[in-house]
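# Fold and geometry: a report
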Amino acid sequence: MRYIIFFIICFINFAHGQSITEQIRAEGKSIDVGKSLSRWQPLWEAADNSAAKVTYDLKYGPDKKQGFDLYEPVSAPSHPSPILVFLHGGSFVAGDKAMYANVGYHFAKMGITSVIMTYRLAPEFKWPTGTIDLSLQLKWIRDHEDQFKFADNSKVFLFGHSAGAQHLASYIFEEKYQIENDGVKCAILANGSVYDTSILNNDADPQYYDYFGRDKNKYAERSILNDLEGRKVPVFVSYAQYDKDNFQYQALKMINALYERDKEMSTIIQLIDHNHLSEVFHFNTSEDGFSDQIIKFINSVLLN
């Protein structure tokens, strides 16, 4: 099933006389990590996470960044759950699994075992290191079935945000990075940043060059949009109303490319009254229609 949803969420927590929704509207398309963390941190700390169990600092590789936290439901679900693997953003040069604990808690409390991973970062580690690290994470999941108490490691759902969506897309579309029997059933691409690498020929975010380099002759071969003909899995594309223009452009390019490939529309959501960070920072803070749609998407895949 493929559908388009425009989803509106209104947060009623107040700061300086404004609701979070009003603050997001007032700030428009800005990306301010510090301000966003100060906005959402009190809500994360207030959440009741007693229904989730966390195992911290597991390793899928030797580098300090090649680690993950495992979030599991305390009580057994009615049947083994799929495994959700989340890749954070950070313009390829920043980010850590600890910043996205809210994602792990949120889905574990909904009965879904979740892996919140970190990967090696630019400028020390360049293209395609993030994709390689995802393949190593999936290898660990495949080879450690006994580590999952309530989950089925043959049913893996990938969820990437911003740069994480870039690495995820590279993995699912480019078969040279895929491992055998990875269990991957679908991909959720939230606010991907550089599907279309032609933006690098102009003045793009300087941090993008830390990952992709500055050799213009290599940009075309590093564009995911030029390599969509490999394995096909269902794709869910999301973007926010107050995403910066490039993120909305990249979402449109991915949506159009997938339509040209499949001759049908992928699952698409535009989140109204959200910005680039609130799309994932809002998890585990209130009733959440976005995660409801993610769960529906996962269930639709499992039924096919």
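How each quantity is defined
- Residues numbered from 1 in each chain as written.
- Predicted model: local features only at pLDDT ≥ 70, side-chain atom pairs only at ≥ 80, totals over all residues.
- Heavy atoms only, no water.
- pLDDT = per-residue confidence, 0-100.
- Contact = heavy atoms within 4.5 Å.
- Buried < 20%, exposed > 50% of the residue type's maximum accessible area, 1.4 Å probe, protein only.
- Helix = DSSP H or I, 4+ residues; strand = E, 2+ residues; numbered from the N terminus.
- Pairing = 2+ DSSP bridges.
- Right-handed = clockwise from strand over helix to strand, strands pointing away.
- Polar contact = N/O pair within 3.5 Å; in protein donor to acceptor, adjacent residues only side chain to side chain.
- Phe/Tyr/Trp six-rings, centres within 6.5 Å; stacked < 30°, edge-to-face > 60°.
- Lys NZ or Arg CZ within 6 Å of the ring centre and 35° of its normal.

## Points about the confidence of the model for the protein
Put simply, the protein has an average pLDDT of 94, and 94% of its residues get 70 or more. A low-confidence stretch, residues 6–17 (pLDDT under 50), is modelled with 35 contacts involving residues beyond four sequence positions or located in other chains.

## Concerning the pairing of strand E10 (residues 235–242)
Across the eight residues of E10, seven count as buried, placing the element largely inside the fold. Sheet topology note: the E10/strand E11 (residues 267–275) ladder contains six bridges and is parallel. Of the residues in E11, the one forming a bridge with Tyr242 is Asn275. Crossover E10 to E11 through helix H7 (residues 245–262) is right-handed.

## Some details on the side chain of Thr197
Residue placement: Thr197 occurs in the loop between strand E9 (184–190) and helix H6 (206–212). Within polar-contact distance, the side chain of Thr197 engages the backbone oxygen of Tyr219 at 2.5 Å. Excluding anything up to four places from it in sequence, Thr197 contacts Phe212, Tyr219, Ala220, Arg222 and Ser223.

## Some points on the packing of aromatic side chains
Within the structure shown, the criterion is met by 17 aromatic pairs. On the basis of an interplanar angle of 45 degrees and a centroid distance of 5.5 Å, the ring pair of Phe86 and Tyr100 is categorised as tilted. Here the residue Phe86 occupies a position in strand E6 (residues 81–87), and Tyr100 occupies one in the loop between E6 and helix H3 (101–109), the gap between them amounting to 14 residues. Looking at Phe86, the relative accessible area reads 0%, which means it is buried. Judged by centre distance (6.1 Å) and plane angle (85 degrees), the rings of Trp140 and Phe148 are edge-to-face. Phe148 shares its class with Trp140; the two are buried. Feature note: the residues Trp44, Phe86, Tyr100, Phe107, Phe159, Phe236, Phe281, Phe283, Phe290 and Phe297 constitute an aromatic cluster, connected by ring pairs. In this structure, Arg120 is placed above the aromatic ring of Phe125, and the distance from its NZ or CZ to the ring centre is 5.1 Å. A cation over a ring is seen here: Arg214 above Tyr209, with NZ or CZ 4.0 Å from the ring centre.

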